[in-house]
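# Breakdown of the fold
Residue strings, one per chain:
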Amino acid sequence: MAYDPATLTSPETPAARPPAAAAPALLRELLARADVRINGGRPWDLQVHHPRLYQRLLTQWSLGAGEAYVDGDWDCERLDLLFERLLRTDIEHRASGLARGFLLLENLRQRFFNLQSVARAHQVGEHHYDAGNDLFERMLDSRMIYSCAYWEHAQDLEQAQEHKLAMICRKLQLRPGETLLDIGCGWGGLTRYAAEHHGVKVTGITISREQLALAQARCAGLPVTLLLQDYRSLQGRFDKIVSVGMFEHVGPKNYRTYFDTARRLLAPEGLFLLHTIGVDRQAHRTDPWIDRHVFPNGRLPAPGELARVLEGRFVIEDWHNFGTDYDLTLMAWHQRFEAAWPELSAHYGERFARMWRYYLLCCAGFFRSRQGQLWQLVLSSPQRHGPYRSYRPAG
């Protein structure tokens, strides 16, 4: 299992709950702006179990908050509500005076180093996606789709993910006999769906060995080729290209290479659908806790970053935003994770449960706050002939 609890400090038996007045005044003021209280009685209030939490927030801010939660220094009945409130007040900007030195180093590290180079590309696969197929099988839908579902006309997670797959294939205008490249194919859910329902020949790539093994088993007998490979070394020509939930790991220093590779691989009359998380404004670093403990070396694009790099490379045929659907998806994953925890606990342990719960619920709050977006872009070559008609499922 890739998650290493040794990277966090060990929990201690908490003393009596420290009073709210013990918190530094600046911290109390920041929380008050979001209507969050220390040791308050509402579901989104912080319940502090150890006074060292305050120092961890002052010196490491979000990294300190996440690690302190895993250590048991604090709790919150509804983490998703807490993070929605904090993010809606733009607390990252207001808290710029806290942990200034630590955050400056993080900005410099992520701005000047290529954290998504070929040599580093495998790290997120080993750390996160190889965490254990049993975990993801219980948390996700039956196809194991680990990306935002489409809830417009869906009643549950299973239906919402199937609607998302159907929408992607319709947007790509898949036809029997065409070739489809799936960049970041995961456990093969979309790959299998496209081959079964649209009669296309699919090549899928992933950087996770655990994903590859299960995807190969699930796609057996279909016209599907699955590879453990980085996108930069791909060769060939494909009628259509799709990439779902992978672009978040590419990084700004590699955006040109990524889209140049896609353009090289795409047939002149083809279509390329990019499904990615985005942010409402450009940021020069990823949240330090997410970067260290969940998705190493990840980076979310802003609209302007995508528009600039696509200029002259692709025509943007469609840009569809359904970011609030990721809130629903994450809450569904959280519900399934909690229901499965009695079975998973012997393998993963309580500290992992706190880490995973924090990850799912802070991300739900991120999308609910509207800072987080979910985009599907349909792109074509400037040499393509004829119009493209955007598709949205009817009610």
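Shown above is the structure to which this text applies.
Residues numbered from 1 in each chain as written. Predicted model: local features only at pLDDT ≥ 70, side-chain atom pairs only at ≥ 80, totals over all residues. Heavy atoms only, no water.

### Observations concerning the overall build of the protein
Selection criterion: Secondary structure elements are taken from DSSP: a helix is a run of H or I of four residues or more, a strand is a run of E of two residues or more, and numbering for both begins at the N terminus. Each residue gets one of three labels from its accessible area relative to the maximum for its type: buried under 20%, exposed over 50%, partly exposed in between, using a 1.4 Å probe on protein chains only. Residue contacts follow a heavy-atom distance rule, with two residues in contact if any of their heavy atoms lie within 4.5 Å. Only the protein chains shown count as covering a residue, and every accessible area follows the Shrake-Rupley method with a 1.4 Å probe.
In terms of regular secondary structure, the protein is built from 15 helices and nine strands. Across the 395 residues of the protein, 57% fall into the buried class. Residue pairs in contact within the protein that sit at least 24 positions apart in sequence constitute 74% of those at least 6 positions apart. Accessible surface, the protein as shown: approximately 16,500 Å² in total, 52% of it carbon and sulfur.

### Some points on the side chain of R42
We count it as follows: N or O atoms within 3.5 Å of each other form a polar contact, as long as, within protein, one can give a hydrogen and the other can take it, and as long as residues adjacent in sequence are counted only when both atoms are side-chain atoms.
Its location among the elements puts R42 in the loop between α1 (25–33) and β1 (47–48). Given the relative accessible area of 18%, R42 is considered buried. For R42, the side chain forms a polar contact with the main-chain oxygen of D35, separated by 2.9 Å. Those residues within four positions of R42 in sequence are excluded, and the remaining contacts are D35, V36 and R37.

### Some remarks on the environment of T179
Along the chain, T179 turns up in strand β3 (residues 179–183). Along the backbone, T179 and A195 are 16 residues apart, and their C-alpha atoms lie at a distance of 9.7 Å. Residues contacting T179, with those up to four places away along its chain left out, are K201, R237, F238, D239 and K240.

### Examining the pairing of β3
Rules: At least two bridges found by DSSP between two strands are what make those strands a pair.
The buried fraction of β3 amounts to four of the five residues, a majority that puts the element mostly inside the structure. Here β3 runs beside strand β4 (residues 201–206); their pairing, made up of five bridges, is parallel. The residue of β4 that forms the bridge with L180 is V202. Looking at chain direction, β3 and strand β6 (residues 238–244) are connected through three bridges and run parallel. If you follow D182 over to β6, its bridge partner there is V242.

### Topic: the environment of L172
In this structure, L172 sits in helix α8 (residues 157–172). Considering only alpha carbons, one finds L172 and D239, 67 residues apart in sequence, at a separation of 9.7 Å.

### A look at the environment of I168
Along the chain, the position of I168 falls in helix α8. Distance from I168 to Q376, taken between C-alpha atoms, is 8.6 Å for residues 208 residues apart in sequence. Ignoring any residue separated from it by four or fewer positions in sequence, one finds I168 in contact with L190, V242, V244, L273 and Q376.

### A short note on the packing of helix α11 (residues 255–265) against helix α13 (residues 303–310)
Which entries qualify depends on this criterion: Axes here mean lines fitted to C-alpha atoms, for a helix over just the part in contact, with angles spanning 0 to 180 degrees between N-to-C directions. An angle counts as roughly parallel when it lies under 35 degrees, as roughly antiparallel when it exceeds 145, as roughly perpendicular when it falls between 65 and 115, and as oblique in every other case. Should the near helix be turned anticlockwise from the far one by less than a right angle, the crossing is left-handed, and should it be turned clockwise, the crossing is right-handed. Three residue categories are used. Nonpolar comprises Ala, Val, Leu, Ile, Met, Phe, Trp, Tyr, Cys and Pro, charged comprises Asp, Glu, Lys and Arg, and polar comprises the others, including Gly.
Contact geometry for α11 and α13: axes closest at 10 Å, N-to-C directions at 50°. Relative to α13, α11 is oriented oblique. As α11 packs across α13, the resulting crossing turns out to be right-handed. Every residue of α13 that contacts α11 at Y255, R256 and F259 is listed here: E305, L306, V309 and L310. Of the residues belonging to the contact of α11 with α13, the class tally is five nonpolar, no polar and two charged.

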